[in-house]
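# Working through the structure, step by step
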Amino acid sequence: MARESIKNKVTITEIARQAGVSVPTVSRVVNGRSDVSPETRARIEDLLRRHGYQRKSSAPGDRAALIDLVFNDLDSPWAVEIIRGVEEVAHASGVGTVVSAIHGASGSARQWMTNLRARASDGVILVTSVLEPRLHEELRRLGVPLVVIDPAGSPTLDVPTVGAANWAGGMAATEHLLGLGHRRIGFVAGPVRLLCSRARLDGYRAALDGAGVAVDDALIVPGDFYHQAGFDGCNTLLDLEEPPTAVFAASDQMALGAIEALRRRGMRVPEDMSVVGFDDLPEVRWSAPPLTTVRQPLADMGKLATRTVLRLALGEDPVSPRVELATELVVRASTARRG
């Protein structure tokens with residue numbers, strides 16, 4: 001009887017701690033799933049035997065593997081490209097994907113965490129969002145690995161991140177316009193809280209500095225990556241006493257908003273104003289005119305983040321804790337030589 005009373009006193013969380021793996025990895029072994037490396041499985045099985053852990057009477061593998069993909073908002077084609085990449089790798093790995101939006105609200109984030117605990121997710125991919133420190137700590141306690149795409153602030157050292165070469169992309173877009181003879185180049189910025197936004201602005205500044213062109217702060221207007229901000233920002237630039245001859249918007253959606261502002265004023269793109277975006281969303285090759293933009297590999301970012309979180313869920317180290325995928329300037333018909 002004394003021996004029986006000891007059984008199952010140890011928790012899966014404690015087994016995971018002693019084995020140096022995540023809770024989902026121990027759950028996979030307990031449930032008889034095959035997606036655990038032989039060495040890790042042997043280590044966990046040994047601990048389960050030593051502690052006398054008794055499995056619940058359920059069919060092996062009866063819980064589907066899941067990862068959570070969490071956005072701040074889902075109202076952008078940018079998010080669709082990330083989802084496409086995540087789902088491709090997850091599906092190939094036999095893993096389901098739960099997509100959530102927390103809308104920047106602490107209440108929504110707390111409800112999401114409650115739901116995550118209930119479904120015993122194997123990992124989390126967080127996209128341009130911020131979780132309260134308390135929720136980060138709860139993920140650590142549960143042993144649920146986390147990967148961040150385009151971190152909103154400075155990421156903690158133990159959280160792998162995946163992003164794009166935003167500084168290089170901002171520089172390439174600005175250098176393209178400089179090469180066409182433009183010297184007054186307006187910039188519609190993204191949200192200042194996001195590292196990717198600040199990097200694009202820094203790339204813009206660096207290109208101007210490299211060409212010997214003074215940065216005019218009046219040519220830098222705030223934005224939020226959405227169409228309306230591009231429309232409003234372009235109008236602000238056009239109302240300057242000396243307006244720019246080109247506009248670089250930090251997202252494709254803002255670039256399309258800028259083009260609409262120009263159209264309503266009877267101005268032509270690129271004859272009267274050159275416009276460059278950032279993202280290379282599928283829709284911009286069909287805009288009028290087709291948009292010159294900086295391609296960031298959104299689907300590839302989603303794929304890499306998924307591979308990384310699945311490695312972590314298996315108790316393996318990430319290939320690299322910080323990854324920046326290359327950006328590429330795609331020249332179409334929305335830019336032309338000045339004059």
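It should be emphasised that the depicted structure is a prediction, and the values quoted were computed from it without experimental measurement.

This part is about the nonpolar core. Membership of the largest hydrophobic core comes to 44 residues, with the highest contact counts inside it found for I185, F187, Y204, F248 and V275. If you list the elements that add at least two residues to this core, you get α8 (166-179), β6 (185-188), α9 (195-210), β7 (220-221), α10 (227-238), β8 (246-249), α11 (252-264) and β9 (274-279). For this core, the element with the most residues is α11, which contributes seven residues. Those residues in contact with F187, other than ones at most four positions away along the chain, are R200, L201, Y204, L219, I220, V221, L237, F248 and A250. Residues W78, V95, I125 and A164 belong to the second largest nonpolar core, which totals 25 residues.

Moving on, we get to empty space enclosed by the protein. Where empty space is left in the structure can be found by rolling a water-sized probe over the atoms. Throughout the structure, instances matching the rule amount to one cavity of 30 Å³ or more. Estimates place the volume of the largest cavity at around 30 Å³. Around the largest cavity, the lining residues are R183, R184, I185, Y204, L208, V213, A214, V215, D216 and L219. Looking at the lining of the largest cavity residue by residue, the class counts come to seven nonpolar, no polar and three charged.

Let us now look at the sheet that holds strand β11 (residues 322-325). Taking strand neighbours across the sheet as the criterion, the six strands line up as β2-β1-β3-β4-β5-β11 in an open arrangement whose pairing is parallel. Single-partner strands in this sheet number two, and they are β2 (96-101) and β11. The sheet shows a mean angle of 20 degrees between the axes of neighbouring strands, taken without regard to direction. Where strand β3 (residues 124-127) lies against strand β4 (residues 146-149), four bridges are found, and the strand directions are parallel. Across the sheet, the residue bridging to V127 is I149, located in β4.

A complete count under the given rule lists 20 salt bridges for this structure. R184 serves as the salt-bridge partner of D216, at 3.3 Å between the closest nitrogen and oxygen. Of the two residues, D216 is situated in the loop between α9 and β7 and R184 in the loop between α8 and β6; the sequence distance between them amounts to 32 residues. Salt-bridge contacts for K303 lead to D300; the nearest nitrogen and oxygen are separated by 3.7 Å. Of this pair, K303 and D300 both sit in helix α12 (residues 298-313), three residues apart, which is roughly one turn of the helix. Using a relative accessible area of 38% as the deciding quantity, one classes D300 as partly exposed. Look at the salt bridges and you will find they share partners, linking D280, R295, E328 and R332 into a network.

Right, let's talk about the environment of V309 for a bit. Counting through the fold element by element, V309 comes out in helix α12. Owing to a relative accessible area of 0%, V309 belongs among the buried residues under this scheme. C-alpha of V309 to C-alpha of P38: the two residues are 271 residues apart in sequence and 19 Å apart in space. What V309 contacts, discounting residues up to four positions off in sequence, is I67, G123, V124, I125, P145 and V147.

Looking now at the sheet that holds strand β10 (residues 292-295). Taken in spatial order, the six strands make up an open sheet running β7-β6-β8-β9-β10-β12, and their pairing is mixed. Each having just a single partner strand, β7 and β12 (328-330) make up the two edges of the open sheet. Direction of pairing for β9 relative to β10: parallel, over a ladder of four bridges. Across the sheet, residue F278 finds its bridge partner in β10, namely V294.

Here is what the cut-offs are and how they apply
- Residues numbered from 1 in each chain as written.
- Predicted model: local features only at pLDDT ≥ 70, side-chain atom pairs only at ≥ 80, totals over all residues.
- Heavy atoms only, no water.
- Core = buried A, V, L, I, M, F, W, Y, C linked by side-chain atoms within 4.5 Å.
- Buried < 20%, exposed > 50% of the residue type's maximum accessible area, 1.4 Å probe, protein only.
- Helix = DSSP H or I, 4+ residues; strand = E, 2+ residues; numbered from the N terminus.
- Contact = heavy atoms within 4.5 Å.
- 1 Å grid on protein atoms, 1.4 Å probe; cavity = no way out; pocket = protein on both sides within 12 Å on 5 of 7 lines; lining within 4 Å.
- Points joined across faces, edges and corners; volume = space filled by probe spheres on them.
- Nonpolar A, V, L, I, M, F, W, Y, C, P; charged D, E, K, R; others polar.
- Pairing = 2+ DSSP bridges.
- Axes fitted to C-alpha atoms, helices over the stretch in contact; angles between N-to-C directions.
- Salt bridge = Lys/Arg side-chain N within 4 Å of Asp/Glu carboxyl O.

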